[in-house]
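# Geometric and topological summary
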Amino acid sequence: MTDSLAPSSSPSPAAARNVPQERRIVTAIPGPRSEELHARRLAVVPVGVSSVLPVYIERAHGAILVDVDGNQFVDFGAGIGVTTIGHTDENVVAAATAQLQDVVHTLFTITPYEEYVRVAELLAEHTPGTWAKKSVLVNSGAEAVENGVKIARKHTGRRAIAVLDHAYHGRTNLTMAMNYKAAPYATGFGPLAGDVYRAPSSYPYRDGLSGADAAARTIAYLEKVVGAADLACLVVEPIQGEGGFMVPAGGYLPALQAWCTENGVVMIADEIQSGMARTGRYFASEHFGWEPDLVLSAKGIAGGLPLAAVTGRAEIMDSAQPGGLGGTFGGNPVACAASIAVFETIERDGLLAEADRIGARLRSGLERLAARFDIIGDIRGHGAMIAIELVESGTAATSKLPHPDAVPRLTAFAAQHGVLFLSAGTFGNVLRFLPSLAMTDELIDDALVVLDDAFSSLA
Ligand code: PLZ
């Protein structure tokens, strides 16, 4: 608890005071108090819920996590891209605190409130495309995917769903079937939902295809294997997240959108990981000149509170019948108040430019590392969504053999030294950087020194 949680109309600097923005390791990792908590957890939390780094977090601010033993970690995960504007951002804390005292829950589909409407207005304004848009608010990314698919099916009267190779869309029954990797997400959890088709994607590092050629390959698959007449929607992450931050070749996404429009297919951008200022634009689709029919957002839209949305063309969104969309907690007033504060903070503090600053700093540091360590095969991403793909030594110019062993060793080394990096990738060979936009140049440089040492330790 910090006194930043005390009711206040003006943000308290208390959270900032309690968490100096620096790396600090004072015990073994995990420390003794974390070990104690972990033993308690093992008795009551199932092993299916695992943790990347079992240090128990007591408080956090900006780009720093503080554990129960007093260790401070530089956070390059942001809870997988959620605390995009920084942990315990003062504006988010103040807005949510004030909302907690006004009204916490009514259920928008019983008695509505302004905050839900305001979030829908902000999403309409900031998602790509200038047409009339509407939004439904839900609780999680997977729930947004589920609702996007429901709406697309109702709108088109068609059954089939298409996704791409290397996709990740969630852990519910439908979204498990939409993921590329069965393990660990779906193993043993079937039967899975039917009518899900997986088309080849654009993965320039490995397929070498132009955007036009990759789109032709995707479209050929959809036409032959599914048939446009049965296809309700094509769901695509503009930059694939869990799959390994693949940035599609130029022209790929607009070509798919053009084909979808021609064929009456709803094209849906899953911007759950890539959205909300992370890549230096509000939504990553903008980097590619893609204006999707529907945009799914979650993670970063409410500063750490659970909120997600389906936003899109009004005529598509309105195809669901009255009462057809909803859910008890969807668009909770506190989460909505936090989300409004996130939008305001992005504008007020010029955070899109901060994402670009972070991306440039990180990328140049990673390029210096790549010049010395030949297992770094590719550096890719935009803004504060950057990754490196690791290959076996000596194969970068030839077979690009995935090197999955290096990633857990790098992340373990970094964690011991107070830096939290996340892995990703279909082959487990991607190290991804998803810092909050509060990440300073000093912390980036500091983390790059740790990463340099981590690479040296592999030898
Ligand atoms: N779509 C693109 O990245 C969530 C998963 C964390 P939920 N990715 C992180 C984990 O281990 O469960 C994600 C995503 C994209 C959908 C989702 C699903 O979002 O909020 O986790 O349901």
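Residues numbered from 1 in each chain as written. Predicted model: local features only at pLDDT ≥ 70, side-chain atom pairs only at ≥ 80, totals over all residues. Heavy atoms only, no water.

### A word on the pairing of strand E10 (residues 308-313)
In terms of residue burial, E10 counts as a mostly covered element, since 5 of its 6 residues are buried. By the bridge criterion, 6 bridges tie strand E4 (residues 133-138) to E10 in an arrangement that is antiparallel. The partner of Val-138 across the bridge, within E10, is Ala-308. Both strand E9 (residues 294-297) and E10 contribute to a ladder of 4 bridges, which runs antiparallel. Bridging from a neighbouring strand, Ser-297 pairs with Ala-309 of E10. (Buried < 20%, exposed > 50% of the residue type's maximum accessible area, 1.4 Å probe, protein only. Helix = DSSP H or I, 4+ residues; strand = E, 2+ residues; numbered from the N terminus. Pairing = 2+ DSSP bridges.)

### A closer look at the pattern of salt bridges
Any two side chains of opposite charge can pair, on the condition that their charged atoms come close. Under the definition given, this model contains 19 salt bridges. Put simply, Lys-134 and Asp-318 hold a salt bridge, and the shortest N to O gap is 2.7 Å. Here Lys-134, found in strand E4, pairs with Asp-318, found in the loop between helix H11 (314-317) and helix H12 (333-348); they are 184 residues apart in sequence, far enough to count as distant. A relative accessible area of 48% means that Asp-318 is categorised as partly exposed. The structure contains a network of salt bridges with shared partners spanning Glu-354, Arg-357, Arg-361, Asp-441 and Asp-445. (Salt bridge = Lys/Arg side-chain N within 4 Å of Asp/Glu carboxyl O.)

### Some remarks on the site of the ligand
In the vicinity of the ligand, 14 residues are found, and the nearest of them are Gly-141, Ala-142, Arg-171, Asp-270 and Gln-273. Residue Arg-171 places a side-chain N or O atom 2.6 Å away from an oxygen atom belonging to the ligand. A distance of 2.8 Å is found between an oxygen atom of the ligand and a side-chain nitrogen or oxygen belonging to Gln-273. Contact with the protein chains removes 80% of the 510 Å² of surface that the ligand exposes when unbound. Here the shell around the ligand is composed, by residue class, of 4 nonpolar, 5 polar and 5 charged. (Near = heavy atom within 4 Å. Polar contact = N/O pair within 3.5 Å; in protein donor to acceptor, adjacent residues only side chain to side chain. Areas by Shrake-Rupley, 256 points an atom, 1.4 Å probe, with all protein chains shown as cover. Nonpolar A, V, L, I, M, F, W, Y, C, P; charged D, E, K, R; others polar.)

### Details of a nonpolar patch on the surface
There is a patch of nonpolar side chains on the surface, built from Val-44, Val-45 and Val-49 and spanning about 250 Å² of accessible area. Within the fold, Val-49 resides in the loop between helix H2 (32-44) and strand E1 (57-61). (Patch = residues over 30% accessible without salt bridge, like charges linked within 9 Å, V, L, I, M, F, W, Y side chains within 5 Å.)

### Comments concerning the packing of helix H4 (residues 90-102) against H12
Taken N-terminus to C-terminus, the directions of H4 and H12 make an angle of 150 degrees; their axes are 8 Å apart at the nearest point. Considering their axes alone, H4 and H12 lie roughly antiparallel with respect to each other. When you trace H4 past H12, the crossing you get is right-handed. Here Asn-91, Val-92, Ala-95, Ala-96, Gln-99 and Leu-100 of H4 come into contact with H12, specifically with Pro-333, Val-334, Ala-337, Ala-338, Ala-341, Val-342, Thr-345 and Arg-348. Across the contact of H4 with H12, the residue classes break down as 10 nonpolar, 3 polar and 1 charged. (Axes fitted to C-alpha atoms, helices over the stretch in contact; angles between N-to-C directions. Parallel < 35°, antiparallel > 145°, perpendicular 65-115°, else oblique. Left-handed = near helix turned anticlockwise from the far one by under 90°. Contact = heavy atoms within 4.5 Å.)

### Section: the packing of aromatic side chains
Taken as a whole and judged by the stated rule, the model has 9 aromatic pairs. Ring geometry for Phe-76 versus Phe-421: centroids 5.3 Å apart, planes at 50 degrees, classification tilted. Here the residue Phe-76 occupies a position in the loop between strand E3 (72-75) and helix H3 (78-81), and Phe-421 occupies one in the loop between strand E13 (419-420) and strand E14 (422-424), the gap between them amounting to 345 residues. The burial state of Phe-76 is the same as that of Phe-421; both residues are buried. Relative to Phe-343, the ring of Tyr-282 lies with its centre 6.0 Å away and its plane at 20 degrees, an arrangement referred to as stacked. Taken together, the positions of Tyr-282 in the loop between strand E8 (266-270) and E9 and Phe-343 in helix H12 put the pair 61 residues apart, joining distant regions of the chain. Assessed through its relative accessible area of 6%, Tyr-282 is described here as buried. A relative accessible area of 2% means that Phe-343 is categorised as buried. An aromatic cluster of at least three residues, connected via ring pairs, comprises Phe-76, Phe-421 and Phe-433. The side chain of Arg-313 reaches across the aromatic face of Trp-131, ending 3.6 Å from its centre. A cation over an aromatic ring shows up here: Lys-400 above the ring of Tyr-205, its NZ or CZ 4.4 Å from the ring centre. (Phe/Tyr/Trp six-rings, centres within 6.5 Å; stacked < 30°, edge-to-face > 60°. Lys NZ or Arg CZ within 6 Å of the ring centre and 35° of its normal.)

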